[in-house]
Number of protein chains: 2
Amino acid sequence: MSQSPTGSFQQTSAYKKLEDLAKTPFDLAQEGNLTADRINAMTAHAGPFKLSFGTERVTEDVMNSLFELASETGAVSKMQRMQMGDILNQIEGYESENRAVLHTAMRDFFGNQQTGPRAAQAMVLAKAECEKLKTFLSKVDGRFTDLVLVGIGGSDLGPRAIYMALQAYKKKGKRVHFISNVDPDDAALVLETLNLDKTMVVVVSKSGNTLETQTNEELVRERYNKAHLKPENHFVAVTGKGSPMDNPSNYLASFYIWDYIGGRYSATSMVGGVMLAFGLGFDNYMEFLRGAHDMDQIALQDDPKKNLPLLAALLGIWNRNFLKLPTLAIIPYSQALVRFTAHLQQCDMESNGKHIDKSGHEVDFHTGPIVWGEPGTNGQHSFYQLIHQGTDTIALEFIGFTETQYGQDLKFKGTTCQEKLIANLLAQSIALAIGQKSDNPNKRFCGNRPNSVLLAKRLDPYVMGNLLAYYEHKVAFQGFMWNINSFDQEGVQLGKLLATKILDVINGQAKQDSFTLGSALLNLMM
Amino acid sequence: MSQSPTGSFQQTSAYKKLEDLAKTPFDLAQEGNLTADRINAMTAHAGPFKLSFGTERVTEDVMNSLFELASETGAVSKMQRMQMGDILNQIEGYESENRAVLHTAMRDFFGNQQTGPRAAQAMVLAKAECEKLKTFLSKVDGRFTDLVLVGIGGSDLGPRAIYMALQAYKKKGKRVHFISNVDPDDAALVLETLNLDKTMVVVVSKSGNTLETQTNEELVRERYNKAHLKPENHFVAVTGKGSPMDNPSNYLASFYIWDYIGGRYSATSMVGGVMLAFGLGFDNYMEFLRGAHDMDQIALQDDPKKNLPLLAALLGIWNRNFLKLPTLAIIPYSQALVRFTAHLQQCDMESNGKHIDKSGHEVDFHTGPIVWGEPGTNGQHSFYQLIHQGTDTIALEFIGFTETQYGQDLKFKGTTCQEKLIANLLAQSIALAIGQKSDNPNKRFCGNRPNSVLLAKRLDPYVMGNLLAYYEHKVAFQGFMWNINSFDQEGVQLGKLLATKILDVINGQAKQDSFTLGSALLNLMM
């Protein structure tokens, strides 16, 4: 296959410098190398966050070359073009989605508005949906105690992660539930706890024909029919205008999303909005949007030391392309963020798990890493053994907060729970970097596990908005620098196609021999 | 550092053969190579399971060499020794735990009992705890509607994953909750929903001094005191005999575990038992144990084609050590198994994330992989993009069932939800193997993503027991073949030590300059 032409990621002059520098990466485990001064010098601030990266294997030279890389690849100007509404979701010369990428317009009504005509138009439409939502919720308040969100992928992971993160701020008397998997046991478990009469069902599908979501919607509608309740008085659609779901006779209300909102970037749109405003209150939803918007502004800063998502993207590229680390563990020391890593797994891996550049050439460098993780301190009692002493090196990003959400804490053995939580985070960051020598080989830790620490005061709706957009933009920046399309997902099509062929065999619309491999596997199940 | 001597994993004659064979692994993407015949031939059966591995990059030669590897490394005889109670948890010549490994004794009362004196003794003790539990639960039935399990790591992940998997079988009127993280918001969220008077609190810590668990226990006790309820009438201890928690004046009852039960292997002991028997009923707990026991028997089979966990271990070693794949995605097509991957992450990574062999020599091959995953079909709408089209190859293990748990299903567009679920699993297995050619580079899939499919009829308590033990033994077999100690976790100590140093600075017991790195990071938070 043809290779990328000159001018791409690998042809920058920064790339060659970084390749050289990576031959002797900074040795964090060498005594005296990781110092308090280094930690202080290698800390950047923006918005509510501090990003401490002294525990990465970088030097000032490495940082300067990374900044050059950002500049040579035009990272910030591409971010500006994205927020203005340029067509970035495309592969030149081939059939592709050919769309703008405008999730930032969903929250662009807190000052410093984008002036590009597509962005301005998208903002007006988004604001109108927000106002529609406010009116709708005040009209139905009192009628519904519960909300079930039916969606999958981006219509589930991001919204669910954010709701779980902000349960401490939830509206009194309101409960939210989720059905995503086509596994019927998922729906059964949720439905058994509900009073259907007091429940609103929000169905989310941009196209209006996502098979899992349609199936689950049908399953829940049947429950309403059996209970002699009219689904059209309970069901709300979040979908594209003109989709098969955009039908007032079937829904109490419809809220719109657009083709320039990718599923994994949709949490601030009505996809997350209807549920979050119901469950947390409209004002908390607005605070969340304002937080995201403020990070959108930070992502437009030219100086990478002030542009935190760009800085994080660069550190990630150093670990991925130069230190050759295939995976990234994201570890929030916050139980509230228990599902946030699952959202980031989608956001990063679906965006940047790509093998061609924007001109359709095969890349010959590594793109998006495998992203995984669980909250600390739980992870410490689980997979940290491998991170400290396994045969592979894993890059890590820690996230922490200095204050609790609920304000319910307890001093035990001289420190509070929150202090214990944050002390563990800091201790792990240091331990992974410096390691430990010992005569007992089982007590040896080789260190040099590169990691960074992102800190804020408290995980409230505003900070959650910041955090969401921080990662959205980190991922987009990496895609910009790799010159790949972070906004399509052709890789999910083949599986869908083959699943349809198997289902055609099952329901008798196709003969067994039309897809012998599928039939062979089906036979195993007899 | 000194290297492993001859006789180890790499010095087997099978290793050299496999190294040669790995130069030209079977090409699944070559048209005509993956056939229905291959799928049928490469399927093994044992207990309730079928394991289909035609979609792995193996040939008959590879399989025969893997079987030789198992034989040369004495895998099955080590499993036999483990189940008999030999001291396997040790590093020869160095200070180490020096213990037997007897989680199989926790369920060894369904026939074919082990005769080794340690195993026989452990079984008698375990059975006595089961009987004590049965009596205790019948005595307090009616008094408690809710149970909170307080534990972390192995005292949380396995039990929680199993409870979530079997909620379809839960006892009417009983609810179970979990507190694990030292994050005080974790406890706050759980406690706000409870009637403390009707709640039993089960605290699990083998040593009786796990900091997170002690802290959370204290936090919950304080709630009881504030509510003028006596904690000692509500709290139950699961701990080692003679631990600080083994104190009848503080607990309604104590149930015992022993030093030969590692946390990550403790789900079938009282660690999982008290909660599972309360939440699912004692009979379902027994069915779960019987399932695990039956898999223990299968793991003693000499023939790897009948010994499913050994077969899975061998396929994993092929992918890890010969095809050099650093990560393993475990994807259950079952929402009930939503937390099972988190348990397996601990079970595998804490067991086999090791850098020395059992004689204390550094290994120079890769040990345990990074294990991650989320349930399908959700994952398809998330990270599958990278699995299909990213620049890294990921090994996968699929788990699926042909029938639902709740029996509540719906035909939609000609097929049921369960049929859609399983069709998607099978389609992904094939798509990942064969890939797709296309003139549009964005629609190209290179295939050769090795994967296997584990199938059973329905996820009931018996099958869940089988599944748990299947993975416990898969992990143990890999450790046996690599000649590492899968049963200790020295790698978690360094972080604990440094956390204590930081906490001493916070509570004023040590000066800032006693640990300048920790202090520098703490300063960031001001």
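Since we're looking at a predicted model, the values are computed, not measured.

Caption draft 1: The arrangement of the overall build of chain A in detail. The secondary structure content of chain A amounts to 17 helices and 15 strands. Relative to the globule expectation of 24 Å for 526 residues, the C-alpha radius of gyration of chain A, 24 Å, shows essentially globular dimensions. For chain A, contacts bridging at least 24 residues in sequence account for 74% of all contacts bridging at least 6.

Caption draft 2: Region of interest: the domain arrangement of chain A. Residue and element names in this part refer to chain A. Here the domain parsing of chain A yields domain 1 (9–72 + 301–485), domain 2 (100–291) and domain 3 (493–524). The gap between the C-alpha centroids of domain 1 and domain 2 is 32 Å. At the level of elements, helix H12 (340–352) and helix H15 (461–482) are the ones that each hand at least two residues to the side of domain 1 that touches domain 2. In the side of domain 1 that touches domain 2, the residues fall into 13 nonpolar, 6 polar and 4 charged.

Caption draft 3: Structural view of the interface of chain B and chain A. Each partner contributes residues to the interface: chain B has 123 residues there, and chain A has 123 residues. A per-class count over the side of chain B that touches chain A returns 54 nonpolar, 51 polar and 18 charged.

Caption draft 4: Representation of the confidence of the model for chain A within the structure. Overall, the prediction assigns chain A a mean pLDDT of 95, with 98% of residues at 70 or greater. Low pLDDT (under 50) marks residues 1–6 of chain A, which in the prediction has 9 contacts with non-local residues, meaning those over four places away or in another chain.

Caption draft 5: Broad picture of helix H8 (residues 211–226) of chain A. Between its first and last C-alpha atoms H8 of chain A spans 23 Å; for 16 residues at 1.5 Å apiece the expected length is 22 Å, and the two agree. Listed as buried for H8 of chain A are Glu212, Thr213, Gln214, Thr215, Asn216, Glu217, Leu219, Val220 and Arg221 of chain A. Check the buried side of H8 of chain A and you find it contacts strand S5 (146–150), strand S6 (175–179), helix H7 (184–191) and strand S7 (199–205) of chain A together with strand S13 (411–412) and helix H14 (417–434) of chain B. After H8 of chain A finishes, the residue His228 of chain A shows a positive phi value of roughly 55 degrees.

Caption draft 6: Region of the structure containing the environment of Leu410 of chain A. Residue placement: Leu410 of chain A occurs in the loop between strand S12 (395–401) and strand S13 (411–412). Apart from residues lying up to four places away in sequence, Leu410 of chain A is in contact with Thr416 and Cys417 of chain A together with Pro184, Glu218, Leu219 and Glu222 of chain B.

Caption draft 7: Quick look at the relation of the copies chain B and chain A. Between chain B and chain A, the superposition needs a rotation of 180 degrees and an axial shift of 0.0 Å, giving an RMSD of 0.0 Å. Overall, the copies show the geometry of a two-fold rotation axis. Across chain B, the smallest distance between a C-alpha and the rotation axis is recorded for Trp372 of chain B, namely 3.2 Å. When the interface residues of chain B are mapped onto chain A, 100% of them again lie at the interface, so the same face is used by both copies.

Caption draft 8: Representation of the pairing of strand S1 (residues 43–46) of chain A within the structure. Residues and elements named next belong to chain A. In this structure, S1 lies alongside strand S2 (residues 49–52), joined through 4 bridges in antiparallel fashion. Note that in S2 the partner of Thr43 across the bridge is Ser52. Hairpin remark: S1 followed by S2, antiparallel, with 2 residues in the connecting loop; positive phi at Gly47, about 55 degrees.

Caption draft 9: Local environment of unusual backbone geometry. Residues and elements named next belong to chain A. With an omega of 5 degrees, the peptide bond running from Gly376 to Thr377 counts as cis. Phi at Asn98 takes a positive value of approximately 55 degrees, unusual for a residue other than glycine. Position of Asn98 relative to the elements: it lies in the loop between strand S3 (87–89) and strand S4 (99–100). According to the C-beta neighbour criterion, Asn98 is partly exposed, with 13 such atoms within 10 Å. One non-glycine residue with positive phi stands out, namely Asn483, at about 60 degrees. Here Asn483 lies in the loop between H15 and helix H16 (493–506).

Caption draft 10: Molecular detail of the sheet that holds S7 of chain A. All names here are of chain A. Here 5 strands make up an open sheet; going across it, the order is S6-S5-S7-S8-S9 and the pairing parallel. Each end of this open sheet is capped by a strand with a single partner; those strands are S6 and strand S9 (253–257). Pairwise comparison of adjacent strand axes, ignoring direction, gives a mean angle of 20 degrees for this sheet. Across 5 bridges, strand S8 (residues 235–240) lies against S9 in parallel orientation. Along S9, the bridge assignment pairs Gly240 with Ile257.

Caption draft 11: Structural view of the nonpolar core. With 335 residues, the main nonpolar core has Val202 of chain A together with Val202 of chain B as its most contacted residues. Excluding its chain neighbours within four sequence positions, the residues that come into contact with Val202 of chain A are Leu147, Leu149, Val150, Val236, Val238, Val274 and Met275 of chain A.

Caption draft 12: Spotlight on the sheet that holds S12 of chain A. All names here are of chain A. Across the sheet, which stays open at both edges, the 6 strands sit in the order S1-S2-S15-S12-S10-S11 with mixed pairing between neighbours. If you trace the sheet from one side to the other, it starts and ends with S1 and strand S11 (370–372), each paired once. Across the sheet, the mean angle from the axis of one strand to that of its neighbour is 15 degrees, orientation sign disregarded. Strands in contact with H12 are strand S10 (327–332) and S11; relative to S11, the strand with the most contacts, it is inclined by about 170 degrees.

Caption draft 13: Layout of the environment of Arg449 of chain A. Residues and elements named next belong to chain A. Position of Arg449 among the secondary structure elements: in the loop between helix H14 (417–434) and strand S15 (451–456). Residues Arg449 and Glu72, spaced 377 residues apart in sequence, show a C-alpha to C-alpha distance of 29 Å. Ignoring any residue separated from it by four or fewer positions in sequence, one finds Arg449 in contact with Ile387, Thr393, Ile394, Leu396, Leu432 and Ala433.

Caption draft 14: Structural detail: the packing of helix H5 (residues 117–140) of chain B against helix H9 (residues 270–280) of chain B. All names here are of chain B. It is the contact of H5 with H9, at a shortest axis distance of 11 Å, that shows an interaxial angle of 30 degrees. Between H5 and H9, the crossing angle belongs to the class labelled roughly parallel. By crossing handedness, the relation of H5 to H9 is classed as right-handed. Across the interface between the two elements, Glu129, Leu133 and Leu137 from H5 touch Met270, Gly273, Val274, Ala277 and Phe278 from H9. Its residues assigned to classes, the contact of H5 with H9 shows 6 nonpolar, 1 polar and 1 charged.

Caption draft 15: Examining the environment of Thr199 of chain B more closely. All names here are of chain B. Structurally, Thr199 can be placed in strand S7 (residues 199–205). Sequence separation between Thr199 and Met63 is 136 residues; the distance between their C-alpha atoms is 53 Å. Apart from residues no more than four positions distant in its own chain, Thr199 is found in contact with Phe144, Asp146, Val148, Leu194 and His234.

Caption draft 16: Examining the packing of helix H4 (residues 75–84) of chain A against H15 of chain A more closely. Residue and element names in this part refer to chain A. Where H4 meets H15, the axes come as close as 9 Å, and the angle between the chain directions of the two elements is 120 degrees. Crossing hand, H4 versus H15: right-handed. For the pair H4 and H15, contact is made by Ala75, Lys78, Met79 and Met82 and by His473, Ala476, Phe477, Phe480 and Met481, respectively. Residue classes in the contact of H4 with H15 are distributed as 7 nonpolar, 1 polar and 1 charged.

Caption draft 17: A look at the pairing of strand S8 (residues 235–240) of chain B. Residue and element names in this part refer to chain B. Counted residue by residue, S8 has 5 buried out of 6 residues, so it is predominantly covered. Here S7 pairs with S8 via 5 bridges, running parallel. What sits directly across from Val204, in S8, is Val238.

Caption draft 18: The arrangement of H15 of chain A in detail. Residue and element names in this part refer to chain A. For H15, built from 22 residues, the straight-helix expectation of 32 Å at 1.5 Å per residue is met to within 8% by its first-to-last C-alpha distance of 32 Å. Of all the 22 residues making up H15, 22 are buried; the element is thus mostly covered by neighbouring parts of the structure. The first or second residue beyond H15 is Asn483, which carries a positive phi of 60 degrees.

Rules of the game
- Residues numbered from 1 in each chain as written.
- Chains lettered and ligands numbered in written order.
- Predicted model: local features only at pLDDT ≥ 70, side-chain atom pairs only at ≥ 80, totals over all residues.
- Helix = DSSP H or I, 4+ residues; strand = E, 2+ residues; numbered from the N terminus.
- Rg over C-alpha atoms; globule rule 2.2 N^0.38 Å.
- Contact = placed C-beta atoms within 7 Å.
- Domains from an automatic or database assignment.
- Nonpolar A, V, L, I, M, F, W, Y, C, P; charged D, E, K, R; others polar.
- pLDDT = per-residue confidence, 0-100.
- Expected span 1.5 Å × (residues − 1).
- Buried ≥ 20, exposed ≤ 12 C-beta atoms within 10 Å, placed from the backbone.
- Least-squares fit on C-alpha atoms with pLDDT ≥ 70 in both.
- Pairing = 2+ DSSP bridges.
- Axes fitted to C-alpha atoms, helices over the stretch in contact; angles between N-to-C directions.
- Core = buried A, V, L, I, M, F, W, Y, C linked by C-beta atoms within 7 Å.
- Parallel < 35°, antiparallel > 145°, perpendicular 65-115°, else oblique.
- Left-handed = near helix turned anticlockwise from the far one by under 90°.

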